[in-house]
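# Remarks on the overall topology
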Amino acid sequence: SPFPIALAGQVQKGFGRGGKDLGCPTANLPDESITPISSVAKTGVYYGYAQEDIQVLPMVMSLGWNPFYKNKCLTAEIHVMHDFKTDFYGFEMRALVLGYIRPELDYTSREALIEDIEVDKRVALNCLERPRYQAYANDPHFSLRS
Ligand code: ADP
Ligand code: MG
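Given the structure is predicted, the values throughout are model-derived calculations rather than measurements. (Residues numbered from 1 in each chain as written. Chains lettered and ligands numbered in written order. Predicted model: local features only at pLDDT ≥ 70, side-chain atom pairs only at ≥ 80, totals over all residues.)

### Things to note about the overall build of the protein chain
Along the protein chain, the regular secondary structure elements total 3 helices and 6 strands. In the protein chain, the succession of α and β elements from N to C terminus is β-β-α-β-β-β-β-α-α. Taken against the 2.2 N^0.38 rule, which gives 15 Å for 146 residues, the C-alpha radius of gyration of the protein chain at 14 Å falls within 12% of a compact globule. For the protein chain, the C-alpha atoms occupy an extent of roughly 40 × 35 × 30 Å along the three principal directions. Counting only residues that meet the buried cut, the protein chain has 24% of its 146 residues in that class. Taking all contacts inside the protein chain whose residues are at least 6 apart in sequence as the whole, residues at least 24 apart take part in 70%. (Helix = DSSP H or I, 4+ residues; strand = E, 2+ residues; numbered from the N terminus. Rg over C-alpha atoms; globule rule 2.2 N^0.38 Å. Buried ≥ 20, exposed ≤ 12 C-beta atoms within 10 Å, placed from the backbone. Contact = placed C-beta atoms within 7 Å.)

Shown next, in the form of structure tokens:
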């Protein structure tokens, strides 16, 4: 298994498409931070843990080809399962990707997409229940910052 895959980088401004409108803001990672997962390069939705400040929290991550770069660049976007009061553009985000949930799908409706994101979050939380995964929340990759 290629997991866990450690990623780290400063949260970038994305295209502002979807994300918050769908009730699912995604912190976009910089291109160079994606290298550790490019060996897997399987597009779709992953789950794991992410740290934006101090707390290590469950996350779902979408890995896809960036249409802006004529689909030559992979792009990784992380939705942290937490209700943040403010944005955190520019902050360093660390993540441990622990498993694959599903491939990218074409959605015929916004409702279908939103419904699938909800399923992804439940799958992620269920997977992370396993004690073996919980140990990753204390991984040294997540440094304690203040
Ligand atoms: P963009 O296209 O700029 O990525 P989004 O609509 O995807 O816009 O919003 C992403 C931003 O929202 C993140 O960069 C972060 O600053 C903020 N944000 C707030 N809550 C969350 C969350 N739970 N998970 C990820 N990002 C969040
Ligand atoms: Mg985003």
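### Here's the deal with the pairing of strand S6 (residues 92-102)
Taken together, the 6 bridges between strand S1 (residues 5-10) and S6 define a ladder with antiparallel strand orientation. Among the inter-strand pairings, Leu-7 is bridged to a residue of S6, identified as Ala-95. Looking at chain direction, strand S3 (residues 44-51) and S6 are connected through 7 bridges and run antiparallel. The partner of Val-45 across the bridge, within S6, is Arg-102. (Pairing = 2+ DSSP bridges.)

### With respect to the site of ligand 1
Contacts to ligand 1 come from 18 residues, most closely from Gly-14, Gly-19, Lys-20, Pro-25 and Asp-87. For the shell around ligand 1, the secondary structure elements donating two or more residues are strand S2 (27-28) and strand S5 (74-80). Across the shell around ligand 1, the residue classes tally to 8 nonpolar, 7 polar and 3 charged. (Near = placed C-beta within 6 Å. Nonpolar A, V, L, I, M, F, W, Y, C, P; charged D, E, K, R; others polar.)

### Notes on the sheet that holds S1
Strand order in the open sheet made by the 6 strands is S1-S6-S3-S4-S5-S2, with antiparallel pairing throughout. A single partner strand is all that each edge strand has here, and the edge strands are S1 and S2. Sheet topology note: the S2/S5 ladder contains 2 bridges and is antiparallel. Bridging across to S5, Asn-28 finds its partner in Glu-77.

### Focus on unusual backbone geometry
Residue Phe-3 is joined to Pro-4 through a cis peptide bond whose omega torsion reads 0 degrees. Mapped onto the elements of the fold, Pro-4 is located in the segment before S1.

### Observations regarding the nonpolar core
In this structure, Met-59, Met-61, Ile-78, Ala-95 and Val-97 are the most contacted members of the largest nonpolar core, which totals 25 residues. Secondary-structure elements contributing two or more residues to this core are S3, strand S4 (56-65), S5, S6 and helix H2 (110-128). In this view, Met-59 contacts Tyr-47, Gly-48, Tyr-49, Ala-50, Ile-78, His-79, Val-80, Met-81 and Ala-95; residues no more than four positions away in its chain are not counted. (Core = buried A, V, L, I, M, F, W, Y, C linked by C-beta atoms within 7 Å.)

### Overview of the environment of Leu-7
Counting through the fold element by element, Leu-7 comes out in strand S1. On the basis of neighbour count, Leu-7 is assigned to the buried category, with 22 C-beta atoms found within 10 Å. Through-space distance from the C-alpha of Leu-7 to that of Ala-76 is 9.8 Å; in sequence the pair is 69 residues apart. The contacts of Leu-7, once residues within four sequence positions are left out, are Leu-29, Ser-33, Pro-36, Ile-37, Ala-76, Ala-95 and Val-97.

### Some remarks on the environment of Asp-83
For Asp-83, the location among the structural elements is in the loop between S5 and S6. A sequence separation of 10 residues divides Asp-83 from Cys-73, and the C-alpha atoms of the two residues are 30 Å apart.

### A look at H2
For H2, with 19 residues, the first-to-last C-alpha span of 27 Å sits near the 27 Å given by 1.5 Å per residue. Asp-120, Ala-124 and Leu-128 are the residues of H2 that are buried. Summarising the axial view, the buried residues of H2 lie within an arc of 55 degrees, below the 170-degree limit, and thus occupy one face. Within H2, the exposed residues directed more than 90 degrees away from the buried face are Glu-111, Ala-112, Glu-115, Glu-118, Val-119, Arg-122 and Asn-126. Packing partners of the buried residues in H2 comprise S3, S4, S6 and helix H3 (131-134). (Expected span 1.5 Å × (residues − 1). Arc of directions from axis to C-beta.)

Any link to function would need more than the numbers given here.
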